[in-house]
Each structure stands twice: as structure tokens, then as C-alpha cells.
Amino acid sequence: MLIVPKPVQHEPRPGAFVLDRETSLAADPALGQVAAWLRGELAPVTGGELLPGGSGTITLKLGDLPPEAYRLTVGATVEIVAGGPAGAFYGAQTFRQLLPAAAFRKAGGGPFEVPGAYVEDAPRFGWRGALLDVARHFMVKRDVLRFIDLLALHKLNVLHLHLTDDQGWRVEIRRYPRLTEAGSWRKESQTGWDGPMDGRPHGGYYTQDDIREIVAYAAARHVTVVPEIDLPGHTQAAIAAYPELGNLDAPLEVRTTWGVGHNVVNVEDSTIKFFQDVLDEVLELFPSPYIVLGGDECRKDQWRASPAAQRRIAELGLRDEEELQSWFIHQFDAYLTARGRRLVGWDEILEGGLAPGAVVASWRGELGAVTAARRGHDVINCSNTSLYLDYRQGPGEEEPVPFGTVLALEDVYNFEPVPADLRGEPAAARVLGAQCCLWTELIDSARHADYMAFPRLSAFSETVWSPPERDLADFRRRLAAHLPRLEAIGVEYRHEEGPLPWQTRPGVPGRPEDPERWQAKLDAWTSNLRR
Ligand code: ACM
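Residues numbered from 1 in each chain as written. Predicted model: local features only at pLDDT ≥ 70, side-chain atom pairs only at ≥ 80, totals over all residues. Heavy atoms only, no water.

Per an unreviewed UniProt entry, the protein is named beta-N-acetylhexosaminidase, and its organism is Nonomuraea angiospora. Looking at the Catalytic activity (unreviewed entry) heading of the UniProt record, one finds this comment for the protein: "Hydrolysis of terminal non-reducing N-acetyl-D-hexosamine residues in N-acetyl-beta-D-hexosaminides." Checking UniProt for the protein, the heading Sequence similarities (unreviewed entry) contains the comment "Belongs to the glycosyl hydrolase 20 family." (UniProt positions renumbered as here; feature names shortened; annotations may be inferred.)

Counted at 1.5 Å a residue, the expected span for helix H3 (residues 141-153) with its 13 residues is 18 Å, and the 18 Å between its end C-alpha atoms agrees. Residues of H3 that are buried: Asp143, Val144, Leu145, Phe147, Ile148, Leu150, Leu151, Ala152 and Leu153. After H3 finishes, the residue Lys155 shows a positive phi value of roughly 60 degrees. (Helix = DSSP H or I, 4+ residues; strand = E, 2+ residues; numbered from the N terminus. Expected span 1.5 Å × (residues − 1). Buried < 20%, exposed > 50% of the residue type's maximum accessible area, 1.4 Å probe, protein only.)

Turning to the nonpolar core, a few remarks are in order. Grouped together as the largest cluster of nonpolar side chains are 136 residues, with contacts concentrated most on Leu159, Trp169, Leu179 and Phe275. Here this core gets eight residues from one element, more than from any other, and that element is helix H7 (residues 269-285). Core analysis: the second largest hydrophobic core is formed by 35 residues, Leu25, Leu31, Val78 and Ala82 among them. (Core = buried A, V, L, I, M, F, W, Y, C linked by side-chain atoms within 4.5 Å.)

Read once around its circumference, the closed barrel built from eight strands follows the order E7-E8-E13-E14-E15-E16-E17-E19, with strand pairing classed as parallel. On average, adjacent strands in this sheet sit at an angle of 30 degrees to one another, irrespective of strand direction. In the packing of helix H11 (residues 367-374) onto the sheet, the strands contacted are strand E16 (359-362) and strand E17 (379-381), and the crossing angle to E16 comes to about 160 degrees. (Pairing = 2+ DSSP bridges. Axes fitted to C-alpha atoms, helices over the stretch in contact; angles between N-to-C directions. Contact = heavy atoms within 4.5 Å.)

What follows concerns the UniProt feature "domain: Glycoside hydrolase family 20 catalytic" (unreviewed entry) in the protein. UniProt feature "domain: Glycoside hydrolase family 20 catalytic" (unreviewed entry): in the numbering of this structure it lies at residues 125-467. Measuring from the first to the last C-alpha atom of residues 125-467 gives 10 Å, for a span that is 35% helix and 16% strand.

When you line up the elements, Asp64 lands in the loop between strand E3 (58-62) and strand E4 (70-74). What makes Asp64 exposed here is its relative accessible area of 79%. Linking Asp64 and Ala82, residues 18 residues apart in sequence, is a C-alpha distance of 7.5 Å.

What follows covers the pattern of salt bridges. Once their charged atoms are close, side chains differing in charge can pair, the charge on each being opposite to the other. Following the criterion strictly, the structure yields 39 salt bridges and no others. For Arg212, the salt bridge identified is with Asp209, shortest N-O distance 3.3 Å. Residue Arg212 and its partner Asp209 are located together in helix H5 (residues 208-219), separated by three residues, close to a single helical turn. Judged by its relative accessible area of 54%, Asp209 falls in the exposed class. (Salt bridge = Lys/Arg side-chain N within 4 Å of Asp/Glu carboxyl O.)

Another aspect to go through is the pairing of E4. Alternating positions in E4 separate cleanly, Tyr70, Leu72 and Val74 being buried on one face and Arg71 and Thr73 remaining unburied on the opposite face. Here E4 folds back onto strand E5 (residues 78-82) in antiparallel fashion, the turn holding three residues. One ladder, built from five bridges, connects E4 with strand E6 (residues 112-121); its direction is antiparallel. Bridge pairing in E6 places Tyr70 opposite Asp121.

Our focus in this paragraph is the UniProt feature "domain: Beta-hexosaminidase bacterial type N-terminal" (unreviewed entry) in the protein. In this numbering, the UniProt entry assigns the feature "domain: Beta-hexosaminidase bacterial type N-terminal" (unreviewed entry) to residues 3-122. Summarising residues 3-122: 24% helix, 32% strand, and an end-to-end C-alpha distance of 14 Å.

Residues Val359 and Ala361 line one face of E16 and the alternating positions Val360 and Ser362 line the opposite face, and both faces are buried. With three bridges connecting them, strand E15 (residues 342-346) and E16 associate as parallel partners. Each residue of the ladder has a partner; that of Trp346, found in E16, is Ala361. With three bridges joining them, E16 and E17 adopt parallel strand pairing. When the bridges of E17 are listed, Val360 appears paired with Val379. Handedness of the β-α-β unit built from E16, H11 and E17 comes out right-handed. (Right-handed = clockwise from strand over helix to strand, strands pointing away.)

Looking now at the packing of H7 against helix H10 (residues 321-338). Describing two packed helices takes the angle between their axes plus the distance from one axis to the other. Look at H7 against H10: their axes get within 11 Å of each other, and the N-to-C directions meet at 35 degrees. For the crossing formed where H7 meets H10, the hand is right-handed. Contacts between H7 and H10 pair Ile272, Phe275, Gln276, Leu279, Asp280 and Leu283 from the former with Trp327, Phe328, Gln331, Phe332, Tyr335 and Leu336 from the latter. For the contact of H7 with H10, the residue count by class is nine nonpolar, two polar and one charged. (Left-handed = near helix turned anticlockwise from the far one by under 90°. Nonpolar A, V, L, I, M, F, W, Y, C, P; charged D, E, K, R; others polar.)

Attention now moves to the environment of Arg146. With respect to the secondary-structure elements, Arg146 resides in helix H3. Distance in space between the C-alpha atoms of Arg146 and Val491 is 9.8 Å, their sequence separation being 345 residues. Beyond its immediate stretch of four places on either side in the chain, Arg146 contacts Asp450, Gly490 and Val491.

Attention now goes to the packing of aromatic side chains. All chains considered together, the criterion is met by 21 aromatic pairs. Members of the aromatic cluster, each reached through a chain of ring pairs, are Trp193, Trp346, Trp363, Tyr388, Tyr391, Phe403, Trp439, Trp518 and Trp525. A cation over an aromatic ring shows up here: Lys155 above the ring of Trp465, its NZ or CZ 5.7 Å from the ring centre. Sitting over the face of the ring of Trp525, Arg364 holds its NZ or CZ atom 5.6 Å from the ring centroid. (Phe/Tyr/Trp six-rings, centres within 6.5 Å; stacked < 30°, edge-to-face > 60°. Lys NZ or Arg CZ within 6 Å of the ring centre and 35° of its normal.)

Structure representation (C-alpha cells):
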């Protein structure tokens, strides 16, 4: 059975099902939204309406299973029994993959015959995520919706939307309109990592109605949209819009270059209040139980030079600027906790003490994941060396804008979400799952995003959904059947042999990393986690 991600268990069954215009679809009332979604996917394929009651019935039922688990039986009819709507949705996704790839086209085909089969399936991890950085390069709403469909196809259930950064603020906040009026546009962008300026304005943002639409669209596909408002670093766009948030007297522009910036917000009460006001609107827009407040790559030089920040350190009796960052993040942890949400931060939030309920998104290798889990924090493994989809996919010069160390398809496939150092320890249970990250400094179009994300995201889906055993040859065999599905959808994935001529971007400077030098840098950078 050529399903991606690989189901827990499956076997052939006698008989076959024929999907055609006469096919009908009946569902338990609690599964009505899943039925409506499946009808929407299959009606253009069959040319029929898939109303309840005709022949060739597909049925969706609730059964005594965990919420995300399902059993799929294909014979003369199709039956999906699920613990809840999510399980029924995943059963329906598996059923779609039993059809020929042509069934992923939005135009008639068939009738299609599906050989008899029985599948029992459930996910290994609860957090099966992908980060999309819409701050560095804005991605229009229709492309975000399409990305959500692609996550759902792979049974991923978290879209971490990186909404704010130095280079752009992408979510409308009614109370502070300049965040998008001024903060969502930059006058130009650096070409590649450190090339010349391109001289073209770049920007865009989601209105609150856009966000509500994205969140609802995702929810109907069992994807939770987890917003990130990055603090206290990565905030130059916000400071450009509201200079009183910064540490300097001189005004700033929305940033046009890449790399870790120096401009971070100040630690005034008014700044904390400002971002709590922002969060009031963010919480209204995003029902997610988790809210990401960044915490990564916050340079401390402006706080060192700021009399106000130094006064704050003295007043609070803090040891240093690391503890000041902890204190700052704690202000928001208490705020979120009081509203029934949980703070997620990148692993730097471990430096200088961390609020007890906070969740750590570990990205600088895996040390953060190990440290956080041992200290009793829930962890999402986002290891850059295994899951950063902006990293180049091959060693060649022709890789478009080569960045980072080489992260090949098989590297992602072989990734194990529970770090080796935690295996066998009770703390391993703290690993909620894993998340691949599509950062977009060097990815300026949905086409390039397709090239970077696929098929590595398909491999990633197995690491979080499927049982832990790996069989690369088996994966490649299933992937060979999966790529035509992606083609039918219109995904411009990377071919095994490398980029097609129009996928290269000759002359655009990247930032490839030597793996040993990179590991040494990571080790040095995370050394304070070893204390
Ligand atoms: C990160 O890559 N700064 C989380």
C-alpha cells in the first residue's frame, strides 16, 4: 500500500470499490464537517454529488478509538470508523491516497477502482508541525490555504505561522494600526544572503478577516494555526512602526537585510502593556492553546547600553541581561496562563530561568530539547540540523540560493523526534512531537517554497506520524507513488536529480555552511545550556 505517511498496519482484502458519479457518502452527524470536506474533494473528481443514500456508499462512523485514530475498510463499500472527527479526516486522506493520482486533480476522471484493503492507523505524536515564515517574505492568503491542504494531506496538524520579524509585521492589530500600515512594508530586500539591494518594495499582511478565514480553513482540516509574535528580539518592524518600543532615539526602518539584528524592544511597562494589548487581539483570532512568543536570538547590546534596562535589572535584583530576558518573557507567560493558553518559546528561553508551564521549541540542535525535557518542560523538536527546510538539499552550486548545511531527503526521513540522549528516560514523554521549519529569508515565492518543502515535508510526516522503524527503500517506493499526487495538485517539488533549470537561481548569493564549522558554532552557542 503506497501511503505517505506510512500507516501503522494494513492488509489487502477481497473485492474492490468503484468510485464514480453514483458514489454516495453518509456520515455520523458528528462527522458532518469531514463529510463536507471529502465531498468537496471528491465531487470534482467523480462529477457526482456524493449525497447520502445512493449506491457505492462511503460511510464515516464514530467508534471506540482515540480521537485521531481510524480504521478503514475497502470492499464493495468503504467504511471509515474513527475515534473523532480528526481520525475520520485522516481515514479519508488515506482513502484518497488509495485512488490513482488523477483523483487529486480538480476535474473529472474515473471511474476509479480501489482494491480491497483494511487499514488501522493512529499518529505517533500529537504535535506534527510545520513552521511557515511569512514575515521575511509574505505569502499571500491563497498560498497559505494551499499549504494547509498540503499539511493535511500529510496528516500534519500544526501550522506555526511566524507572523512578525525585523523584516515585516503581517497581522492586522486594530489597536495599533501602524504595525501593518508601516511595519508590513520594507523599501527593498537584500538579494540572497548578502548581495546587493533589489530596490523593490516588499510587503503584505493578513487582515483580521483573512486570519479568521485561515484559522477556520485549517480547523476544517484538523490543523491548528499556532501564531508567533516574536519577542523581544526580531522586532525591528514593530519598532519602525512605534519607535517608543525601541531602545534608541533615532527612528528605524523596517529591516531590509538578513541575519540576527541588534534592534530589540525595551523593557518598559508601556512596552509590556503594548504587547499584551497585541496579544488580546491575537488570542481572539487564534483559538490555539499554544502561543509562540519567540525568545530567540535576542542580542543584548542595546539593553547593556540602556540606562532604563540597567535600572530594571537593578530594581529587580537580576544578575544580567539573560535574566532580564527571562523576566520579560515571564510577564507574558503569566498573562497567557491567566487566559488559559500556554507559552511556547525557542530554546533560548531556557537561558536565565523559564516559567514552569512554558513549552520549548528546540531548534539549535537537540540540546535544548534534552535540557528542557529533563527540567520538566514539554518540548517540540525543531532541530535545525534535521528539520530546517530552508537548508539546501544537495551540495551542488545549482541548488537555488544554497543555505545552511546539506539536509537531504533521507536525512529528514531518518530523523527521530525523541533525541538519543533522552531515550529510555521518563523525560522522553515530554517530547510532544516535532516540527519542520520553512524560513524564508532566501525564499521569495510560493514556487521556491514548494521546491524547498517537497518532498522533504513528505519524509518529515513519517517521522511524526508513523511507527519509529525506518525503511528508506520502502519509503522511496511509496514516495514514487506519492510524487504524482503532488504533481496532480501542482506542487513544484525537488526532483531526485536536483533542480530543474528554472528552479536554479544562478548568481543569487546563499550562505552554505561547512558541517563541522556549523556544529562547532552550535556547540559554542548552546554551551550555557550545559551549565
Ligand atoms: C530560529 O531559527 N531563530 C528559531
